[in-house]
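Survey of secondary and tertiary structure
Below are the chains, spelled out letter by letter.
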Amino acid sequence: MILSAILLVLTGLMIAFAKAAPSVVFSFYPALSRSILSAISSVSGLMPIALWEVLAVLLALWFFYTLIRVFTGRRSLLCWLSGVLLGLSTGVFLFVAIWGLGHFGPSVDKSLGLDVREYSKQELIAATAYYAAQANEYVEKVERDAENLTVYPAFSELAKQAPGGYAALAQQYDPFTDGLGPVKPLASWRLFSQTGTTGIFICFTAEACVNPDTYTAWIPFTMCHELAHRQAVTAEDDANFCAYLACMASEDDDFRYSGAFGAYIYCHNALSKIDKTAASQIWSILSEGVLADIRAANAHYEQYEGKVQDTAQKVNDTYLKAFSEESGVQSYGEAADLLLCIDYQHASIRKMLYALLVKGKALFFQVAAGRGQVGRGQCKMSVLAPPGFF
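Remember, predicted model here, so these are calculated numbers, not experimental data.

Thresholds, definitions, all that
Each residue is numbered by its place in its chain's sequence as written, counting from 1. For this predicted model, a pLDDT threshold of at least 70 governs which residues receive local features, and a threshold of 80 or more governs which side-chain atom pairs are given and counted, while totals over whole chains, interfaces and linings are taken from all residues. Side-chain calculation: all heavy atoms of the structure are included, whereas hydrogens and water are not. Strands are runs of DSSP state E lasting at least 2 residues, helices are runs of H or I lasting at least 4, and numbering of each runs from the N terminus. Residue exposure (1.4 Å probe, protein chains only): buried if accessible area is under 20% of the type maximum, exposed if over 50%, otherwise partly exposed. By definition, residues are in contact when any of their heavy atoms lie within 4.5 Å. Only the protein chains shown count as cover for residues, and the accessible areas themselves come from Shrake-Rupley with a 1.4 Å probe. In the sections that follow, a salt bridge refers to a side-chain nitrogen of Lys or Arg positioned within 4 Å of a carboxyl oxygen of Asp or Glu. Take the residue count of a helix, subtract one, and multiply by 1.5 Å to get its expected span. Within the patch definition used here, like charges are joined within 9 Å and nonpolar side chains (Val, Leu, Ile, Met, Phe, Trp, Tyr) within 5 Å, considering only residues with over 30% relative accessible area and no salt bridge. The term polar contact refers here to a pair of N or O atoms within 3.5 Å; inside protein, the definition further demands a hydrogen-donor-capable atom paired with an acceptor-capable atom, and it admits residues adjacent in sequence only when both atoms are side-chain atoms. Being paired, for any two strands, means DSSP has found at least two bridges between them.

1. Side note on the overall build of the chain
Each helix and strand in the chain was counted, giving 19 helices and 4 strands. When each of the 390 residues of the chain is scored for burial, the buried share is 52%. Restricting to contacts in the chain with at least 6 residues of sequence separation, those with at least 24 account for 78%. Total accessible area on the chain stands at roughly 17900 Å², and carbon and sulfur atoms take up 61% of it.

2. Some points on the environment of Phe 104
Position of Phe 104 among the secondary structure elements: in the loop between helix 5 (77-98) and helix 6 (108-111). Its relative accessible area of 12% is what places Phe 104 among the buried residues. For the pair Phe 104 and Lys 19, spaced 85 residues apart in sequence, the C-alpha separation works out to 6.6 Å.

3. Regarding the pattern of salt bridges
All chains considered together, the criterion is met by 5 salt bridges. Among the ionic pairs, Glu 137 bridges to Lys 141, the shortest N-O distance being 3.9 Å. Among the residues examined, Lys 141 registers a relative accessible area of 43% and is labelled partly exposed.

4. Some words on helix 11 (residues 219-230)
Here helix 11 spans 17 Å end to end across 12 residues, near enough to the 16 Å set by a 1.5 Å rise per residue. Here helix 11 lies mainly inside the structure; 12 of its 12 residues are buried. Restricting attention to buried positions, one finds in helix 11 the residues Ile 219, Pro 220, Phe 221, Thr 222, Met 223, Cys 224, His 225, Glu 226, Leu 227, Ala 228, His 229 and Arg 230. Among the residues trailing helix 11, Ala 232 stands out with phi positive, at a value near 70°.

5. Topic: a nonpolar patch on the surface
A cluster of nonpolar residues, Ile 2, Leu 3, Ile 6, Val 9, Leu 10, Leu 13 and Leu 86, forms a patch on the protein surface that exposes about 640 Å² of accessible area. Ranked by residues supplied to the nonpolar patch, first place goes to helix 1 (residues 2-20) with 6 residues. Summarising the element assignment, Ile 6 is placed in helix 1.

6. Description of the side chain of Thr 234
By the secondary structure assignment, Thr 234 is in the loop between helix 11 and helix 12 (236-249). Owing to a relative accessible area of 4%, Thr 234 belongs among the buried residues under this scheme. Reaching out from Thr 234, the side chain makes a polar contact with the backbone oxygen of Gly 102 at a distance of 3.1 Å. Within the local environment of Thr 234, its side chain forms a polar contact with the backbone nitrogen of His 103, the two atoms lying 3.2 Å apart.

7. A closer look at the pairing of strand 3 (residues 207-210)
Burial of the side chains of strand 3 extends over both faces: Glu 207 and Cys 209 are buried on one face and Ala 208 and Val 210 on the other. Note: strand 1 (residues 184-185) against strand 3, 2 bridges, orientation parallel. By the bridge assignment, Lys 184 is partnered in strand 3 with Cys 209. Two strands pair when backbone bridges link them, and strand 2 (residues 197-202) and strand 3 are joined in this way by 4 bridges, in the antiparallel orientation. What sits directly across from Ile 202, in strand 3, is Glu 207. Connecting strand 2 to the antiparallel partner strand 3 that follows it, the hairpin turn spans 4 residues, and Ala 206 within it adopts a positive phi of roughly 55°.

8. A look at unusual backbone geometry
Its identity as a non-glycine residue notwithstanding, Ala 206 has a phi of 55°, on the positive side. Relative to the helices and strands, Ala 206 resides in the loop between strand 2 and strand 3. Phi is positive for Ala 232, close to 70°, though the residue is something other than glycine. Following the sequence through the fold, Ala 232 ends up in the loop between helix 11 and helix 12. On the accessibility criterion, Ala 232 (18% relative accessible area) is buried.

None of this, on its own, says anything about what the molecule does.
Here it is as structure tokens:
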């Protein structure tokens, strides 16, 4: 009990100090966190499967074994409860120390020199048109099947390619590093599909894992999202933003399409909340391939909707709010604020995407002038369903 109390107090002190002196703590903590995660990954990366899933099974077996010993009178209940409390307090302490403290630090836009502000509706329309143009550009460069749906290489191949985008970004930006290692598939993907979870990062084993049941067009984006957490990026909207940057920095068009696809959906969702007509107008310029992927993705995720998914979302919402993400699960969609920054502020990123930027702006002016308008009822999917992450 005493050791548990000490660990919980130390955890509280870490968080309190991070809140009181963020400029001091986060001048070194992100780099320290990345170094610790890299060291852990050098061990867990030796296994082709997710080490944390194996450890989770062993921990569950140990939990029930010790519980049975309590009911058979071989161990006292108080002793068992003390052990459980010590395990939980140790887990919380290590989580915060290794990675979780980043929730209380500055967002990634500060690290990249971006200035997130309140954007006008016209700026959001322009950005949405811009990302729609990107999706249209890259959808023509990926393989498609007879139903006009995206076909990507095997999961294992994509997993090896995923760190490449961050390796390119690391050459320009300090918050990113290379040598991340491949993403791992979730062996228990059926369980995660029921909860609506497409990816998860476990800091204890430094493993970025993705549900192989994720809809195809989302897989590269989801991989880069989880690798963003491996980069000590904790906030979900920040991870989505980094995922987009990594996808676009990749040399592979499969990743670039996935990044543009995800960016469009997040901006479309944001725009649909304030101007459904403008969102419908931009929807009308999407190519048939992009539309086919959107509809197929929504149909894929709808099959898992239900009480189990709702409960999982509530748990995730509680966790995010407890660690200083006030919007909870809504923070996943707030990447739109950061995505607008690319279009209007960051010169080096804007230069990298210049050709598509011009095309996006041209489409914006077409929409603003009223051309390509969609009648009411034609755009039924005003709010799209992006995948869920942990």
